[in-house]
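Examining the three-dimensional arrangement
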Amino acid sequence: MELDLLVKLTSKAWSLKILALLNDGVPGRQAPLVAATGASRTSFANSLEHLIRLKMIERNPGHGHPLRPEFRLTAEGAVVAAMASRILKSVPDEDAFSVLKRSWAVPILALTETPKRFSAIKSGLGQITDRALSQSLCLLEDREWLKRDIDVSQRAPYPTYLAVNAGRKVNRAIGLGA
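Residues numbered from 1 in each chain as written. Predicted model: local features only at pLDDT ≥ 70, side-chain atom pairs only at ≥ 80, totals over all residues. Heavy atoms only, no water.

The next point concerns the overall build of the protein. Secondary structure summary: the protein contains ten helices and five strands in total. Radius of gyration (C-alpha) of the protein: 17 Å, near the 16 Å computed for a compact globule of 178 residues. For the protein, the spread of C-alpha atoms along the three principal axes comes to 65 × 30 × 25 Å. Per-residue burial for the protein yields a buried fraction of 43% across its 178 residues. Long-range pairs, those at least 24 residues apart, make up 59% of the contacts in the protein between residues at least 6 apart in sequence. Of the roughly 9400 Å² of accessible surface on the protein, a fraction of 50% belongs to carbon and sulfur atoms. Between the mean site of the 25 positive side-chain charges and the mean site of the 17 negative ones, the protein shows a separation of 3 Å. (Helix = DSSP H or I, 4+ residues; strand = E, 2+ residues; numbered from the N terminus. Rg over C-alpha atoms; globule rule 2.2 N^0.38 Å. Buried < 20%, exposed > 50% of the residue type's maximum accessible area, 1.4 Å probe, protein only. Contact = heavy atoms within 4.5 Å. Areas by Shrake-Rupley, 256 points an atom, 1.4 Å probe, with all protein chains shown as cover. Lys, Arg positive; Asp, Glu negative; His and termini not counted. Charge placed at Lys NZ, Arg CZ, Asp CG, Glu CD.)

Right, dumping it as structure tokens:
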């Protein structure tokens, strides 16, 4: 999976969970998916439309009532849904999932398989602001999903960030390098 697609995918809070549920066999109708995600109808609808625009899911032609459509994974969506399922299984509970719902958490964890500087993470993510990156790094560090070390081997010391604990599990589940 490409990092750009991962950034787009995680820009809506419930996208990963919807894909993981479809991958795990939850029926592709709105009511069972809303109940399984625990999302509000508005947030769910926004995430569902987002996944349709990304061509991860599509309406199942010939199935369901026009007002109660059924959705299914596309070919690309099936691959991404398997990854989403691995990511969600790598976190212990709903409290941890609340971190994954944040826009930049998963892409940052994807980039930090090896120690990375702030500038390297920022350039890898492209459109992220300094503030958003700083806040996301602090959140992940507070959760102990990211380890911040100060490299003093150079004349000017600088921090590096590395995925650890649950963050490492998420990094492996993403499999960005694979």
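As a further point, take helix 2 (residues 15-23). Helix 2 sits mainly inside the fold: eight of its nine residues count as buried. Buried within helix 2 are the following residues: S15, L16, K17, I18, L19, A20, L21 and L22. At the C-terminal side of helix 2, G25 shows a positive phi close to 100°.

Another aspect to go through is the pairing of strand 4 (residues 146-151). Bridge count for strand 4 against strand 5 (residues 158-163) is six bridges, and the pairing is antiparallel. Paired with D151 across the two strands is Y158, which belongs to strand 5. Connecting strand 4 to the antiparallel partner strand 5 that follows it, the hairpin turn spans six residues. (Pairing = 2+ DSSP bridges.)

Before going further, it helps to examine the environment of R102. By the secondary structure assignment, R102 is in the loop between helix 6 (94-100) and helix 7 (105-111). As a C-alpha pair, R102 and T10 span 92 residues in sequence and 7.6 Å in three-dimensional space. Apart from residues no more than four positions distant in its own chain, R102 is found in contact with T10 and L139.

What follows concerns the packing of helix 2 against helix 5 (residues 75-89). It is the contact of helix 2 with helix 5, at a shortest axis distance of 7 Å, that shows an interaxial angle of 105°. The pairing of helix 2 with helix 5 is recorded here as roughly perpendicular in orientation. Counted together, L16, K17, L19, A20 and N23 of helix 2 and A78, V80, A81, A82, A84, S85, I87 and L88 of helix 5 form the full contact between these two elements. Residue classes in the contact of helix 2 with helix 5 are distributed as ten nonpolar, two polar and one charged. (Axes fitted to C-alpha atoms, helices over the stretch in contact; angles between N-to-C directions. Parallel < 35°, antiparallel > 145°, perpendicular 65-115°, else oblique. Nonpolar A, V, L, I, M, F, W, Y, C, P; charged D, E, K, R; others polar.)

Right, let's talk about helix 9 (residues 130-142) for a bit. The first and last C-alpha atoms of helix 9 sit 18 Å apart over 13 residues, in line with the 18 Å expected at 1.5 Å per residue. By the burial criterion, the buried members of helix 9 are A132, L133, S136, L137 and L140. All buried residues of helix 9 fall inside an arc of 130° around its axis, so they share one side. With respect to the buried face of helix 9, the exposed residues turned more than 90 degrees away are R131 and D142. Buried residues along helix 9 sit in contact with helix 6, helix 7, helix 8 (118-125), strand 4 and strand 5. E144, located one to two residues past helix 9, shows a positive phi value of around 60°. (Expected span 1.5 Å × (residues − 1). Arc of directions from axis to C-beta.)

Keep in mind that these numbers describe shape and distance, not what the molecule does.
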